[in-house]
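What follows is the residue order along each chain.
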Amino acid sequence: MADNPKPRMLKTRVTHLELTDRPTQSVPTPVSFRLAIMRATRISLPFYRFLYEQVGKPHHWSVHRHLDDKALAAIIHRDNVDIHVLYADGSPAGFFELVTGEEEGVTEILYFGLIPEFQGRGLARFFLNEAISTAWMSDPQKVIIETNTLDSPRALQMYQRMGFHPVSFAEAEIEAWV
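The structure displayed is predicted, hence computed values, not measured ones. (Residues numbered from 1 in each chain as written. Predicted model: local features only at pLDDT ≥ 70, side-chain atom pairs only at ≥ 80, totals over all residues. Heavy atoms only, no water.)

1. What about the pattern of salt bridges?
Taken as a whole and assessed by the stated rule, the structure comprises eight salt bridges. Between Lys 142 and Glu 18 there is a salt bridge, and its shortest N-O distance comes to 3.1 Å. Here Glu 18 lies in strand S1 (residues 9-19) and Lys 142 lies in strand S6 (residues 142-148), a separation of 124 residues in the sequence. The exposure class assigned to Lys 142 is partly exposed, which follows from its relative accessible area of 22%. The class for Glu 18 is buried, based on a relative accessible area of 18%. (Salt bridge = Lys/Arg side-chain N within 4 Å of Asp/Glu carboxyl O. Helix = DSSP H or I, 4+ residues; strand = E, 2+ residues; numbered from the N terminus. Buried < 20%, exposed > 50% of the residue type's maximum accessible area, 1.4 Å probe, protein only.)

The following block contains the structure:
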């Protein structure tokens, strides 16, 4: 029997950002698609895994990747987790996942992203604005998000244009998604 090869690890710089004021700007809805954003109440595990892989694989997301069904359900079906799916012309185009109450007064945009075929088509800023607006509905003192150098090279700039400010940095090693 062959040994399992050791996973390839990637070094990355993580930027932690926060938004302490409710945004006053709005982002117009792109007109090039028929769009819907739907809250996925008790999202099915196969659909969540599909979204997580489609959005996260190019960026080596790893936290939920190897969880068994019971462990994954215990995380994403908690009352303080809120998952919303973006549909463009009827197809899933991306998702965001909010977590409230892990730290008092804080809502975290834990995951945010678009499926690659929908990137570069004018949806990201609009969808992030929707994630931010939804995060503020829980009336937090601040909204937090993080990105790293394995994410889209435009992610950090977009977060900052939307009002987030870097508050700390860390170095990390992440398992490559091969």
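2. Examining helix H3 (residues 124-136)
With 13 residues, H3 should cover 18 Å at 1.5 Å per step; its first-to-last C-alpha distance of 18 Å lies within 8% of that length. Where H3 is concerned, the buried positions are Phe 126, Phe 127, Leu 128, Asn 129, Ala 131, Ile 132, Thr 134, Ala 135 and Trp 136. (Expected span 1.5 Å × (residues − 1).)

3. Examining the sheet that holds S1
Reading across from one edge, S2-S3-S4-S5-S6-S1-S7 is the order of the seven strands in this open sheet, with mixed pairing throughout. Two strands close off the open sheet at either side, each with one partner strand: strand S2 (35-39) and strand S7 (165-175). In this sheet, neighbouring strand axes are inclined to one another by 25° on average, regardless of whether the strands run parallel or antiparallel. Sheet topology places strand S5 (residues 106-114) next to S6; three bridges connect them, and they run parallel. If you follow Val 106 over to S6, its bridge partner there is Lys 142. Strand contacts of helix H1 (residues 45-56): strand S3 (81-88), strand S4 (91-100) and S5, with the helix running at about 100° to S4, the strand carrying the most contacts. (Pairing = 2+ DSSP bridges. Axes fitted to C-alpha atoms, helices over the stretch in contact; angles between N-to-C directions. Contact = heavy atoms within 4.5 Å.)

4. Some details on the nonpolar core
Within the largest apolar cluster, 46 residues are counted, with the highest numbers of intra-cluster contacts made by Tyr 48, Phe 95, Ile 109, Phe 112, Tyr 159 and Phe 164. No other element matches H3, which puts seven residues into this core. Aside from chain neighbours lying at most four places away, what touches Phe 164 is Leu 17, Glu 18, Leu 19, Ile 109, Ile 132, Val 143, Ile 144, Ile 145 and Tyr 159. (Core = buried A, V, L, I, M, F, W, Y, C linked by side-chain atoms within 4.5 Å.)

5. Observations regarding the pairing of S5
The buried fraction of S5 amounts to seven of the nine residues, a majority that puts the element mostly inside the structure. Relative to S5, S4 is paired through seven bridges, and the arrangement is antiparallel. The residue bridging Gly 94 from the neighbouring strand is Leu 114, located in S5. Connecting the antiparallel pair S4 and S5 is a turn made up of five residues, with Gly 101 showing a positive phi of about 80°. The parallel pair S5 and S6 is bridged by H3, and the resulting crossover is right-handed. (Right-handed = clockwise from strand over helix to strand, strands pointing away.)

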